[in-house]
Amino acid sequence: MNKKTKGLLALLLRKPEASILLVGIILIITFQSLTPDFFTNANMQTVSQFFAPWTLIACGEIMLLISGEVDLSVGQVFALAPFIMHFAIVAGLPVVLGVVVALLVSAFLGFCIGVITVRFGVPSFITTLGAMLLFNGLTLTISGGFPLDTPDGITGVILGGWEYSEILWAVGIALAMHIMLRHTRWGLHTVAAGGNPTGAAEAGIHIRRIKIGNFMMCSVLGGFAGILNAFHVTSIDPNAGGANVMFLAIASAVIGGTSLLGGSGTILGGLFGAAVLGILQDGFTLLGINAFTFDIITGAAILITMISNVQFAAWRRRSRI
Amino acid sequence: MSDTNHALEARNITKRFGRVQALHGISLTLKPGEMLGILGDNGAGKSTLMKILSGYHAPTTGELLVKGEQVEFTSVDHARSFGIECVYQDLALVNTLSVYHNMFLNREVRHGASPFLNHKEMRERAAAALEDIGVNVPSVDEEVGMLSGGQRQAIAIARAVSSNARVLLLDEPLAAMGAREAGMIIALIERLKARGDVSLIMIAHNYAQTLDVADKVMMVQRGTCTFEGRSADTSVLELLDIVKREYRAAAQ
Ligand SMILES: Nc1ncnc2c1ncn2[C@@H]1O[C@H](COP(=O)(O)OP(=O)(O)O)[C@@H](O)[C@H]1O
Ligand SMILES: [Mg+2]
């Protein structure tokens with residue numbers, strides 16, 4: 001192996017974002033060569049709408065996973081937030097404020113989950129599993145189980161009117177969150193809280209505050225993704241989102257290189273991970289491959305990434321590349 | 001009576017965790033530049049004592065004094081503002097962060113008033129601080145999890161020293177370490193002592209090493225102090241004898 005390929009290999013192993021980016025590029029080339037429809041404007045819109053919500057929610061889950069927690073209920077906030085917005089508007093608020101109220105309520109829900117998790121020491125897997133059922137019941141109750149139309153107006157157009165609005169929001173927020181993770185104290189303390197909770201506390205870091213903050217952020221992102229999606233499809237659906245969008249977001253995070261064990265992760269990796277899953281799902285649809293195959297591939301991809309993450313970490317430690 | 005010459009003083013410290021009485025009333029004094037070695041079995045309460053001195057735990061009863069002034073630490077940060085820094089047994093290092101991020105953990109340098117971290121300055125200052133006390137690491141960008149036990153201990157000590165500690169608390173800095181790495185840490189402690197601007201308390205298990213490096217030693221057994229003396233007047237055999245006596249008493 002010459003020096004250049006060795007350097008490239010080292011980069012791919014050391015930077016999980018780089019390997020998932022490479023996978024994405026290979027998939028794009030493959031699908032483009034198999035079907036002429038891939039690089040059309042219409043299909044690019046489809047792909048971007050697939051993975052925009054996964055990206056937004058993945059950003060929240062990545063922060064939580066890094067700090068050693070997880071939120072299973074975010075897919076239900078995705079469905080609930082547009083209804084909160086609707087009722088705020090019905091109560092007389094302008095659309096913008098309706099969105100703000102919905103996001104504040106989402107933040108409050110995240111706050112409650114966070115407080116229950118850190119104060120009572122309940123694993124977030126359990127608290128958010130409970131919250132998942134609770135929020136879903138809440139949505140079904142206040143909606144009566146029926147979908148509604150989204151309000152008209154400029155706010156809706158900005159949020160979800162254009163075909164690429166959702167993905168622009170998603171990428172913009174992902175970039176901002178990447179900077180937050182790598183270049184602010186909040187990001188650093190999130191890593192510390194998950195990497196060594198006792199040590200972080202001994203260094204004076206308020207890990208409860210960090211975790212509660214990240215629960216709030218994840219819920220807000222879930223609510224925001226739900227609102228964007230509602231404006232995009234011009235319908236507020238009580239069955240939108242759900243566990244499926246949450247699992248795909250966590251899958252994006254893990255495939256992108258975020259550890260389920262806490263203490264390490266990457267937002268950009270999550271963005272690329274979501275894009276790869278979106279491209280896969282879309283490419284399979286174009287090629288007429290069974291939708292079940294997508295699930296098989298996603299599942300296998302998660303397993304392989306998890307195993308290789310663990311293996312590479314051990315191997316890196318030994319060989320110090 | 002309070003002695004303003006004491007960098008740190010503890011009076012009759014007790015600590016109870018629910019039903020466990022970890023400390024039964026321990027007192028100690030530490031002059032500027034002085035080093036105290038604390039010896040004792042596992043579970044004796046040594047770490048608990050350190051965590052009280054560093055503001056991590058509040059004592060159940062008892063007093064702490066810094067330069068003769070009574071203090072009540074409300075947090076680690078509060079104790080730190082009095083120049084008291086602790087290197088805990090678990091080192092409080094985050095394996096997945098770089099050396100320089102760990103060196104500045106929770107006292108990060110930012111670009112002016114902006115929320116953004118000044119990585120460059122932290123990198124440079126970390127490298128300088130490590131060089132200042134003679135600690136070698138491959139690179140300050142290296143993840144701490146990649147380093148050896150001795151290197152990790154040295155980084156934790158360097159972190160405490162570089163924050164202008166007046167009193168440095170070291171909880172078992174020589175544990176789980178080979179002879180060569182332990183030698184490196186002892187040499188580091190001796191260099192710090194020679195500079196004379198910091199007082200030290202070190203918990204250790206090796207009597208000879210402790211008597212050699214510390215000015216005075218103290219034996220803690222089951223939450224009480226069973227021996228105190230100047231290192232120069234104390235022998236390893238004397239310390240072993242105390243432990244034997246304690247075992248015989250416990251067996252009866
Ligand atoms: N946070 C805590 N909660 C409850 N018990 C504790 C806690 N910390 C220490 N203890 C108990 O206090 C006693 C002394 O522990 P420690 O100070 O760690 O001993 P040492 O450092 O001398 O080995 C032990 O019985 C230990 O189980
Ligand atoms: Mg201990």
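Nothing here was measured: the structure is a model prediction, and the numbers come from that model. (Residues numbered from 1 in each chain as written. Chains lettered and ligands numbered in written order. Predicted model: local features only at pLDDT ≥ 70, side-chain atom pairs only at ≥ 80, totals over all residues. Heavy atoms only, no water.)

With respect to the layout of surface pockets
Residues and elements named next belong to chain A.
Inference 1: Considering only enclosed or pocket space, the second largest pocket measures out at about 370 Å³ in volume.
Inference 2: Taken together, 20 residues line the second largest pocket, and the ones lying closest to its centre are Val70, Leu72, Phe247, Ile250 and Ala251.
Inference 3: Elements represented by at least two residues in the lining of the second largest pocket include exactly helix 3 (41-66), helix 6 (124-143), helix 12 (242-255) and helix 14 (291-319).
Inference 4: Taken together, the residues of the lining of the second largest pocket break down into twelve nonpolar, six polar and two charged. (1 Å grid on protein atoms, 1.4 Å probe; cavity = no way out; pocket = protein on both sides within 12 Å on 5 of 7 lines; lining within 4 Å. Points joined across faces, edges and corners; volume = space filled by probe spheres on them. Helix = DSSP H or I, 4+ residues; strand = E, 2+ residues; numbered from the N terminus. Nonpolar A, V, L, I, M, F, W, Y, C, P; charged D, E, K, R; others polar.)

Let's talk about the nonpolar core
Inference 1: Judged by nonpolar contacts, the single largest core of 131 residues is most densely connected at Met177 of chain A together with Met103, Leu130, Ile157 and Leu168 of chain B.
Inference 2: Considering every element that reaches this core, the biggest residue donor is helix 3 of chain A, with 13 residues.
Inference 3: Leave out the neighbours within four places in its chain, and Met177 of chain A touches Cys59, Gly60, Met63, Met217, Leu221 and Ile267 of chain A.
Inference 4: In this structure, Val76, Cys86, Ile201 and Met218 of chain B belong to the second largest nonpolar core, which totals 31 residues. (Core = buried A, V, L, I, M, F, W, Y, C linked by side-chain atoms within 4.5 Å. Buried < 20%, exposed > 50% of the residue type's maximum accessible area, 1.4 Å probe, protein only. Contact = heavy atoms within 4.5 Å.)

A look at the confidence of the model for chain B
Residues and elements named next belong to chain B.
Inference 1: When the pLDDT values of chain B are averaged, the result is 91; 99% of them are 70 or greater.
Inference 2: Per-residue pLDDT, averaged within each element of chain B, yields its smallest value for helix 8 (residues 236-251) (87) and its largest for strand 3 (residues 35-39) (97).
Inference 3: Scoring of the predicted complex yields 0.86 for pTM and 0.87 for ipTM. (pLDDT = per-residue confidence, 0-100.)

Section: helix 6 (residues 179-195) of chain B
Residue and element names in this part refer to chain B.
Inference 1: Spanning 17 residues, helix 6 covers 24 Å between terminal C-alpha atoms, matching the ideal 24 Å at 1.5 Å per step.
Inference 2: Of the positions making up helix 6, those classed as buried are Glu181, Ala182, Ile185, Ile186, Leu188, Ile189 and Leu192. Viewed end-on, helix 6 has its buried residues packed into an arc of 155°, placing them on one side of the element. Turned more than 90 degrees from where helix 6 packs its buried face, Ala179, Arg180 and Ala194 sit exposed. (Expected span 1.5 Å × (residues − 1). Arc of directions from axis to C-beta.)

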